[in-house]
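In case you want the letters, here they are:
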Amino acid sequence: MTILIRGGTVVSAAGASPMDVVIDGEKVAALVAPGSEVLGSLAESAERVIDATGRYVVPGGVDGHTHMEMPFGGTTASDTFETGSRAAAWGGTTTIVDFIVHRSGEPVLDGIAAWHDKADGNCAIDFGFHQILSGVDDDALKAMDELMREGVTSFKLFMGYPGVFFSDDGQILRTMQAAADSGALVMMHAENGIAIDVLVAQALARGQRAPGYHGTTRPWETEEEATHRAIMLARIAGAPLYIVHMSAKQAVATLARARDEGLNVFGETCPQYLYLSLEEHLFAPGFEGAKYVCSTPLRSRAEGHQDELWNYLRTNDLSVVSTDHCPFCMKEQKELGVDDFSRIPNGIGGVEHRMDLIYQGVVDGRISLARWVELCATTPARMFGLYPQKGAILAGADADVVVYDPAGTTTIGVDTHHMRLDYSAYEGTVVAGHVDTVISRGRVVVDDGAYLGSKSHGRFLRRGLSQYLL
Ligand code: URP
Ligand code: ZN
Ligand code: ZN
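Anyway, here's the lowdown on the structure attached to this text.

## Let's talk about the overall build of the chain
Part 1: From N to C terminus, the chain includes 14 helices and 21 strands.
Part 2: In terms of C-alpha radius of gyration, the chain reaches 21 Å, essentially the compact-globule figure of 23 Å for 470 residues.
Part 3: Here the C-alpha coordinates of the chain stretch approximately 75 × 50 × 40 Å along the principal axes.
Part 4: Considering only contacts in the chain between residues 6 or more positions apart, those separated by 24 or more positions represent 76%.
Part 5: With the model as given, the accessible surface of the chain reaches about 16,200 Å², and the carbon-plus-sulfur share is 50%.
Part 6: Taken together, the 38 basic and 60 acidic charged side chains of the chain have centroids lying 2 Å from each other.

## A look at the site of ligand 1
Part 1: The environment of ligand 1 is made up of 14 residues, and the closest members are K156, H189, S295, D324 and N346.
Part 2: Contacts to ligand 1 include H67, whose side-chain N or O atom sits 3.2 Å from an oxygen atom.
Part 3: Interatomic distance of 3.5 Å between a backbone N/O atom of G347 and an oxygen atom of ligand 1.
Part 4: Burial of ligand 1 by the protein chains amounts to 100% of its free accessible area of 270 Å².
Part 5: Tallied by class, residues from the shell around ligand 1 come to five nonpolar, seven polar and two charged.

## Side note on the nonpolar core
Part 1: The biggest cluster of nonpolar side chains holds 126 residues, and the ones touching the most others in it are I96, F129, M176, M188, L241, Y242 and W372.
Part 2: Beyond its immediate stretch of four places on either side in the chain, L241 contacts M176, L185, V186, M188, A230, I231, A234, N264, V265 and F266.
Part 3: Of all hydrophobic cores here, the second largest spans 15 residues; its members include I23, I50, A399 and V444.

## Digging into the state of the cysteines
Part 1: In the structure shown here, the tally under the stated rule is zero disulfides.
Part 2: Summary of cysteine pairing: C123 is not part of a disulfide, and the nearest cysteine sulfur, belonging to C326, is at 16 Å.
Part 3: There is no disulfide at C329, and the cysteine sulfur nearest it, in C326, is 12 Å away.
Part 4: For C329, a relative accessible area of 15% puts it in the buried group.

## A few points about the coordination of the zinc ion (ligand 2)
For a metal bound by four donors in a tetrahedral arrangement, the ideal donor-metal-donor angle is 109.5 degrees, while six donors in an octahedral arrangement ideally sit at 90 or 180 degrees.
Part 1: Each protein donor to the zinc ion (ligand 2) is listed here as K156 (NZ), H189 (ND1) and H245 (NE2); together their distances run 2.1 Å.
Part 2: Within one chain, the residues serving as donors to the zinc ion (ligand 2) are arranged as K-x32-H-x55-H.
Part 3: Separating the zinc ion (ligand 2) from the zinc ion (ligand 3) is a distance of 4.1 Å. Here H189 lies in strand β14 (residues 185–189) and K156 lies in strand β13 (residues 154–158), a separation of 33 residues in the sequence. For the pair K156 and H189, a shared accessibility class is recorded, and that class is buried.

## What to know about the pattern of salt bridges
Part 1: Going through the model one piece at a time under the given rule, you end up with 26 salt bridges.
Part 2: E288 serves as the salt-bridge partner of K291, at 2.9 Å between the closest nitrogen and oxygen.
Part 3: Among the charged side chains, a network of salt bridges with common partners joins E26, K27, D126, K390, D398, D400, R441 and R459.

## Brief notes about the coordination of the zinc ion (ligand 3)
Part 1: Binding of the zinc ion (ligand 3) to the protein goes through H65 (NE2), H67 (NE2) and D324 (OD), at separations of 1.9 to 2.1 Å.
Part 2: Positions of the donor residues of the zinc ion (ligand 3) along the chain correspond to the pattern H-x1-H-x256-D.
Part 3: For H65, a relative accessible area of 0% gives the class buried.
Part 4: Judged by relative accessible area, which is 4%, H67 ranks as buried.

## Some points on the pairing of strand β7 (residues 56–59)
Part 1: With two bridges connecting them, strand β2 (residues 9–12) and β7 associate as parallel partners. Note that in β7 the partner of T9 across the bridge is Y56.
Part 2: The pairing of β7 with strand β18 (residues 401–411) spans four bridges and is classified as antiparallel. Bridge pairing in β18 places Y56 opposite Y404.

## A closer look at the packing of helix α13 (residues 354–363) against helix α14 (residues 369–383)
Part 1: Viewed as axis vectors pointing N to C, α13 and α14 meet at an angle of 150°, and their least axial separation amounts to 9 Å. In terms of axis orientation, α13 runs roughly antiparallel to α14. Two packed elements cross with a definite hand, and for α13 against α14 that hand is right-handed. Where α13 abuts α14, its residues R354, M355, I358, Y359 and V362 lie against L369, W372, L375 and C376.
Part 2: For the contact of α13 with α14, the residue count by class is eight nonpolar, no polar and one charged.

## Details of the sheet that holds strand β21 (residues 450–451)
Part 1: With respect to topology, seven strands assemble into an open sheet ordered β3-β2-β7-β18-β19-β20-β21, the strand pairing being mixed. Looking along the sheet, the strands with just one partner apiece sit at the ends: β3 (15–18) and β21.
Part 2: Bridge count between β2 and β3: four bridges; the pairing is antiparallel. Bridge assignment links S12 to a residue of β3, and that residue is G15.
Part 3: Here α13 sits on the sheet in contact with β7, β18 and β19 (430–440), set at roughly 125° to β19.

## Topic: unusual backbone geometry
Part 1: Look at the link from S295 to T296: it is a cis peptide, with omega at -5°.
Part 2: If you trace the backbone, T296 turns up in the loop between α11 (278–282) and α12 (305–314).
Part 3: Residue P388 is bonded to the preceding Y387 through a cis peptide linkage, with omega at 0°.
Part 4: For P388, the location among the structural elements is in the loop between α14 and β18.
Part 5: Unlike most non-glycine residues, N316 shows phi in positive territory, near 70°.
Part 6: For N316, the position within the fold is in the loop between α12 and β17 (320–321).
Part 7: At E332, a position not held by glycine, the phi torsion is positive, near 65°.
Part 8: Structurally, E332 is set in the loop between β17 and α13.

Parameters at a glance
- Residues numbered from 1 in each chain as written.
- Chains lettered and ligands numbered in written order.
- Predicted model: local features only at pLDDT ≥ 70, side-chain atom pairs only at ≥ 80, totals over all residues.
- Heavy atoms only, no water.
- Helix = DSSP H or I, 4+ residues; strand = E, 2+ residues; numbered from the N terminus.
- Rg over C-alpha atoms; globule rule 2.2 N^0.38 Å.
- Contact = heavy atoms within 4.5 Å.
- Areas by Shrake-Rupley, 256 points an atom, 1.4 Å probe, with all protein chains shown as cover.
- Lys, Arg positive; Asp, Glu negative; His and termini not counted.
- Charge placed at Lys NZ, Arg CZ, Asp CG, Glu CD.
- Near = heavy atom within 4 Å.
- Polar contact = N/O pair within 3.5 Å; in protein donor to acceptor, adjacent residues only side chain to side chain.
- Nonpolar A, V, L, I, M, F, W, Y, C, P; charged D, E, K, R; others polar.
- Core = buried A, V, L, I, M, F, W, Y, C linked by side-chain atoms within 4.5 Å.
- Buried < 20%, exposed > 50% of the residue type's maximum accessible area, 1.4 Å probe, protein only.
- Disulfide = S-S within 2.5 Å.
- Donors = N, O, S within 2.8 Å, 3.2 Å for Na, K, Ca; no water.
- Salt bridge = Lys/Arg side-chain N within 4 Å of Asp/Glu carboxyl O.
- Pairing = 2+ DSSP bridges.
- Axes fitted to C-alpha atoms, helices over the stretch in contact; angles between N-to-C directions.
- Parallel < 35°, antiparallel > 145°, perpendicular 65-115°, else oblique.
- Left-handed = near helix turned anticlockwise from the far one by under 90°.

Right under this line is the structure:
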C-alpha cells in the first residue's frame, strides 16, 4: 500500500520540520518538502492520504525493555505477546525488545526456542530479544556466541535477586570479558541483592510486612554501590555497559561521573521512576502499595529523585526511557504478598503509556521535542542494533510512524487501557498529547481510536551490534 502523510511536522532526534512522508509497502519511500512539485502526483497515486495538519509525525517508539509472559515471583507476567504488543501499538510503540529468561544451571539455549514459541505469530508489532544470563558458567559463555548469530546481541545480568537470577562478581567479569571480545552489550540490574536480602529479613522480623517496606529495604545505597561496582568491572573488562531501570539519583550521579571520564557506559530509566514515589505510591494505605512494587524501587519525592532523573534525561547521562513492562494483576498475583511484601511479584505494567508520559516532559518544559524522540525511539534503536531500520523516519527505513496530536489529551486508567492488567499505576492521570495513527511496517495498526492490527503482523528482528560500541 502507498500512504502519503501530509501536512504534519516530522520530528527526529535532530529537530522538527514540516515534511510530507511517503510510504511504499513496508518502507518509507521519501520525505518531501511541502509544496514540492512531486507531491501532486504522489497525492494522486497514494492509496491512502493521512491529513497530519497540526500533528507531529514521529518514528514509532522502540521499547527496549519488556517482559511478556515472564515467569517470575511465583507467577507469570499477565500480558502475553499478543495482548502486550497490541497495547504497545495503541500507545505508539512499534518495536519491543523482550527478555528471554534463563535460570542458573539450566541450558541457556533452551530459552530462545521457548521465547519464539510465545512470540512468533502472536505479536502486533516487530520484536527482538535480549537474553538473561543467571549464575554465568562455561555453558552460558559459549551460548552467547550462538545467540549473537541469532540476532540476540545483548545480555542482562543481575546483581540482585540471589537464588533467582543473581550472578557473582567473578561471573559478571567473565561475561563482560566475553562481551568485550564479541561486541555484545551487557545490561545490568544494578542492586546489591545480598545486602537487600539481609535488610528484608530484618524488616520482616520487626513485623514490617506492608508493601512500602519493599522500598525501605532497597535503599539508594544498594543501587549506587552496585552501579559503581558494575562500572568498575566493565572498566576492568574494557566492555560497554548499559544499566537498566535506574531510579536513584545517586546511582545516576555515579554513572554520569564515569561517562565524564570517558567510559562507554549508559543508563536507562522508566516512566514509573519519573512520576511515582515511595511516599505517595509504595506507602499507599493498606495493600494498595503492592501495585507499585518493582525493582529497583520507586524513590522518595522528598529526596528529589524524580526531578533529578528528568535533568539527567535532558543532559544525556540517562540515554533511554524504556518501560520495564512486567505486569502482575492485583488479584491472585500481587495478592501473593498480602502478608509479606517480599512475596509480591516485582513489576509494573506500562508498555502502553511511555510515549504519552514522556511527551508530558516536553509539555512541562523538561525535555525538548527532539529529545522525546531520541529517548523513546532513536537511541534505543541505536543502542540495540536496530538503526536505521527502526528509530527514525528516513527513506529506506521501516515505515514505523506515529501521527501524534499535541492538542489532544489522553486519560490513563484501567477502563481505557489495553494491557491485560486489572489496575493502572497511573489511574486517572490526564496527559497532554494523543496517539492518533500508528503505522507498523507500512500497515496502519491504530487509527482514530480503532485497532486495525493483527497478531500475525509482527516479525522477529535479528539485531546487529549496539551502535554505541567504540
Ligand atoms: O520489578 C521489575 N523490574 N521486574 C521485572 C524484572 C526486572 O528486574 O527487570
Ligand atoms: Zn531488572
Ligand atoms: Zn526488567
